[in-house]
Amino acid sequence: MRRDPHSFADDAQPTVTRLEWLADVDFASRTLGCVAVLHLGAPGHGPLDLDTRDLDIARVDDGAVDDPAGGGTALAWELAASTPILGARLRVQLPDGAVRVRIHYRTSPTASALQWLTPAQTAGGVHPFLFSQCQAIHARSLVPLQDTPRVRITFDARLRVPPPLRALMAAADAGDGRWHMPQPIPPYLLAFAVGELASRDVGPRSRVWAEPSVVDAAAWEFGEVDAMLTTAERLFGPYDWERFDILTMPPSFPYGGMENPRLTFLTPALLAGDRSLVSVVAHELAHSWTGNLVSNSSAEHFWLNEGFTVFAERRIVEALWGGETSALQAAVGWRSLEQAMARFKDRPELTRLRTQLEGIDPDEVFSEIPYEKGYLFLRALEDATGRESFDRFLRAYVRDFRFGAIDSDDFTRLCERELPGALARVDGAAWLDGPGLPPSAPRPRARKLDAVAAVGASVPTLEQAAEWGSTEWELYLESLPRPFGKCAELDARFDLTARGNYDVLVAWLGLALDSSYDPVVPRVEEILGKLGRMKYLRPLYAALARRPGTRPVAERLFARHRDGYHPIAVQVVEGLLAAR
Ligand code: BES
Ligand code: ZN
């Protein structure tokens, strides 16, 4: 196995297999005061290299005395100079036979894994809020560890927060602010949140958390989660994580969802009021198998996490709502893949499934490519071998690699064993190592797709659109030529600017901006001031910045709202505004 280009961890050194973590959350200084005890898988000696970012290290000792305030024998350590993408290597010298290391430290107010929200940035407006987002390589700004999915850890944690705030962790609640994670996880799945939080039970294994004023809407929107869970188990085998709870995040959460084990984080932008965006829940749930059980061994093989998960997500959607629905969603995915391919046309090497990311920040090159090209690759294999064989392959994949970390070669080897000859038939090499999309890529097909295509670039009649759900609308809007001359007519007939489903709304607003239909600008401003989901920020800022007339609007809005955006979102929007 090649090393992970995003970690200082060294294969030849001992591995950390268990973490004991104590964190005191201090909203005033926006820091966590921490003690981390790293337990080694086997007694070691010599250097132990850990990943860190912006940590203020006070003391490293052998943890021999249980009093977390001190004791133990001090160990020699050295923090290397910080590098922009990876952070700083912490080298601890292990004495002979060392079984653990204890580190006393404080996180930085600008820790890249954390967003500290003021009361005004929450729904309740009274209490502050704090949350973590560790994927891809931000766990190191919270805990000094081997921040690579190739090393799994179990953990015990204690989070001390000021009352009446409540801490939640993606782990089993052990009471009294303590948390336990018995299943070994890659560090990027370490996650917690602190705020004023309430919950509703929505199934025997599921509870929905949110700020009190949001919790009822969230419990209704995500109320189908138990059906998803049962369906997923039927498809992929038993659920290994006991509970699947959901935390509805504050609006600045930069992703649609994050598959933190036992506690998926979801953007409140999914609360459309009609359950039309819950395939994101199916997606995060599917990660319980593909990603959390079977993990990519580095960001270079991210497609193994996301391509498999999109495939699994669409199988859940198909089982629950039928093949027309999953095909429509795949068609939207196809469009977004085309757009991503266009965005990376000058960096074709980043359109491969297997990537080389030495010296490249994974956040910066994040795109739909590993998701949708990965999905299509698996569809091509399924089409070539038949559903029954491919399902057998999927079950072997989960069984053989569970609680492991794999790369694309592990995948192809299993493929050759379970589906001999199939890779050659679909030209697996072109999928994995070739740029762009192989011409043989399987196109989504459905009657409902033909109905949308039939409207073409005209404005649909009320009758034509009567049966359209949000996915048809999204697809129609994404397919229209730009500039589109009939935006006013479209808006007058269907009141698109007032839509509550953000996927549809943002597709519409992007089209309108590209078509200089500027009555939508106030609505764009409203969204950019309210939501931090990058899937929406990116196209709206890009559309504003593309036109000289609206570019100043983009700059003004970004200046006004950047402090409210998540650090990762700030980086992305900054890059986008600098690009042209
Ligand atoms: N794991 C990802 C989110 C992520 C990826 C965070 C890379 C940080 C680095 C999550 O499962 C995801 O894919 N979210 C999507 C959901 C969609 C594909 C249904 C999102 O946020 O839009
Ligand atoms: Zn995902």
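Residues numbered from 1 in each chain as written. Chains lettered and ligands numbered in written order. Predicted model: local features only at pLDDT ≥ 70, side-chain atom pairs only at ≥ 80, totals over all residues. Heavy atoms only, no water.

**Focus on the pairing of strand S2 (residues 31-52)**
Phase 1: Within S2, 17 of the 22 residues are buried, which leaves it mostly tucked inside the rest of the structure.
Phase 2: Sheet topology note: the strand S1 (residues 16-26)/S2 ladder contains 10 bridges and is antiparallel. Looking at S2, one finds that Glu 20 is bridged to Val 37.
Phase 3: In sequence, S1 turns back onto S2 through a hairpin of 4 residues, with Arg 30 there showing a positive phi of about 55°.
Phase 4: Here S2 pairs with strand S5 (residues 88-106) via 15 bridges, running antiparallel. (Buried < 20%, exposed > 50% of the residue type's maximum accessible area, 1.4 Å probe, protein only. Helix = DSSP H or I, 4+ residues; strand = E, 2+ residues; numbered from the N terminus. Pairing = 2+ DSSP bridges.)

**Considering the domain arrangement of the protein**
Phase 1: Structurally, the protein comprises domain 1 (16-196), domain 2 (199-433) and domain 3 (448-578).
Phase 2: In this structure, domain 1 and domain 3 have C-alpha centres spaced 39 Å apart.
Phase 3: Considering only the surface of domain 1 that becomes buried against domain 3, Ser 112, Gln 115 and Gln 121 emerge as the three largest contributors, covering 60% of it.
Phase 4: The tally of links between domain 1 and domain 3 comes to 0 salt bridges. (Domains from an automatic or database assignment. Buried area = accessible area lost by both parts, 1.4 Å probe. Salt bridge = Lys/Arg side-chain N within 4 Å of Asp/Glu carboxyl O.)

**Section: the site of ligand 1**
Phase 1: Taken together, 16 residues form the shell around ligand 1, and within it Gln 135, Gly 256, Glu 259, Glu 284 and Tyr 371 come nearest.
Phase 2: Here a nitrogen atom of ligand 1 sits 2.8 Å away from a polar atom, N or O, in the side chain of Gln 135.
Phase 3: Here a nitrogen atom of ligand 1 and a side-chain polar atom of Glu 306 are 3.1 Å apart.
Phase 4: When the free accessible area of ligand 1 is taken as 530 Å², the share hidden by the protein chains comes to 89%.
Phase 5: Contributing elements (two or more residues each) for the shell around ligand 1: strand S16 (257-258), helix H3 (279-286) and helix H4 (302-321).
Phase 6: For the shell around ligand 1, the element with the highest residue contribution is H3, accounting for 3 residues. (Near = heavy atom within 4 Å. Polar contact = N/O pair within 3.5 Å; in protein donor to acceptor, adjacent residues only side chain to side chain. Areas by Shrake-Rupley, 256 points an atom, 1.4 Å probe, with all protein chains shown as cover.)

**Some points on the pairing of strand S6 (residues 114-117)**
Phase 1: Here S6 shows no split at all, with Leu 114 and Trp 116 on one side and Gln 115 and Leu 117 on the other all buried.
Phase 2: With 4 bridges connecting them, S6 and strand S7 (residues 129-132) associate as antiparallel partners. From the neighbouring strand, Leu 114 faces S7, where its bridge partner is Ser 132.

**Re the packing of aromatic side chains**
The geometry of two aromatic rings is summed up by the distance between their centres and the angle between their planes.
Phase 1: Scanning all chains against the criterion turns up 34 aromatic pairs.
Phase 2: Between Phe 27 and Trp 116, the ring centres sit 5.4 Å apart and the planes meet at 90°, which makes this aromatic pair edge-to-face. Taken together, the residues span a long stretch of sequence, with Phe 27 in the loop between S1 and S2 and Trp 116 in strand S6 at a distance of 89 residues. Like Trp 116, Phe 27 is buried.
Phase 3: When the centroid spacing of 5.6 Å and the interplanar angle of 65° are considered together, the rings of Phe 131 and Phe 253 count as edge-to-face. Of the two residues, Phe 131 sits in strand S7 while Phe 253 sits in the loop between strand S15 (245-248) and S16, which places them 122 residues apart along the sequence.
Phase 4: Ring pairs connect the aromatic residues Trp 303, Phe 308, Phe 311, Tyr 375, Phe 377, Phe 390, Phe 393, Tyr 397, Phe 401, Phe 411 and Trp 431, which therefore count as one cluster. (Phe/Tyr/Trp six-rings, centres within 6.5 Å; stacked < 30°, edge-to-face > 60°.)

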